[in-house]
Amino acid sequence: MPDTEWELLTVRGLAGTDERASEFVGTFVIHRKGSAEPVESITVRVKRSVLEEVATTLRRLLARSTPFGPR
């Protein structure tokens, strides 16, 4: 099975049912890298613990990287 690389273009509507939700539902808009195929939207269900882990990782990554700004 060939490795397929996807690009995450955006996350839409990621929300829980209330402020204490343990999981969230939203849509990932993705595109197969290098393909002329159109983007795809997939519904995802994500646990709070996963979002917390991703948030921590992204904070560390962004703190070490060059600030992003308009060109």
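A.B. asks: Hey, could you run me through the overall build of the chain in this one?
C.D. replies: When its secondary structure is counted, the chain shows one helix and three strands. In summary, the chain has a C-alpha radius of gyration of 15 Å against a globular reference of 11 Å for 71 residues, an excess of more than 25%. Taken along its principal axes, the extent of the C-alpha atoms in the chain is 40 × 30 × 30 Å. Relative to its 71 residues, the chain shows a buried fraction of 11%. Nonlocal contacts in the chain, meaning residues at least 24 apart in sequence, comprise 30% of its contacts between residues at least 6 apart.

A.B. asks: What should I look at first to understand the confidence of the model for the chain in this one?
C.D. replies: Low pLDDT marks stretches whose predicted atomic positions should not be read closely. On average, residues of the chain carry a pLDDT of 87, and 92% of them reach 70 or more. Of all helices and strands in the chain, the one with the weakest mean pLDDT is strand β1 (residues 6-15) (90), whereas strand β3 (residues 40-47) scores best (93).

A.B. asks: How should the sheet that holds β1 be read in this particular structure?
C.D. replies: Within a beta sheet, neighbouring strands are joined by backbone hydrogen bonds and run either parallel or antiparallel to one another. The antiparallel open sheet is built from three strands, whose spatial order is β1-β2-β3. Strand pairing shows two members of the sheet lacking a second neighbour, β1 and β3, which therefore form its edges. Pairs of neighbouring strands in the sheet enclose a mean axial angle of 30°, with direction left out of account. Strand direction decides the pairing type here: strand β2 (residues 23-32) and β3, joined by eight bridges, are antiparallel. The partner of T27 across the bridge, within β3, is T43. Where helix α1 (residues 48-64) meets the sheet, its contacts fall on β1, β2 and β3, and the angle it forms with β3 comes to roughly 100°.

The rules behind these values
- Residues numbered from 1 in each chain as written.
- Predicted model: local features only at pLDDT ≥ 70, side-chain atom pairs only at ≥ 80, totals over all residues.
- Heavy atoms only, no water.
- Helix = DSSP H or I, 4+ residues; strand = E, 2+ residues; numbered from the N terminus.
- Rg over C-alpha atoms; globule rule 2.2 N^0.38 Å.
- Buried < 20%, exposed > 50% of the residue type's maximum accessible area, 1.4 Å probe, protein only.
- Contact = heavy atoms within 4.5 Å.
- pLDDT = per-residue confidence, 0-100.
- Pairing = 2+ DSSP bridges.
- Axes fitted to C-alpha atoms, helices over the stretch in contact; angles between N-to-C directions.

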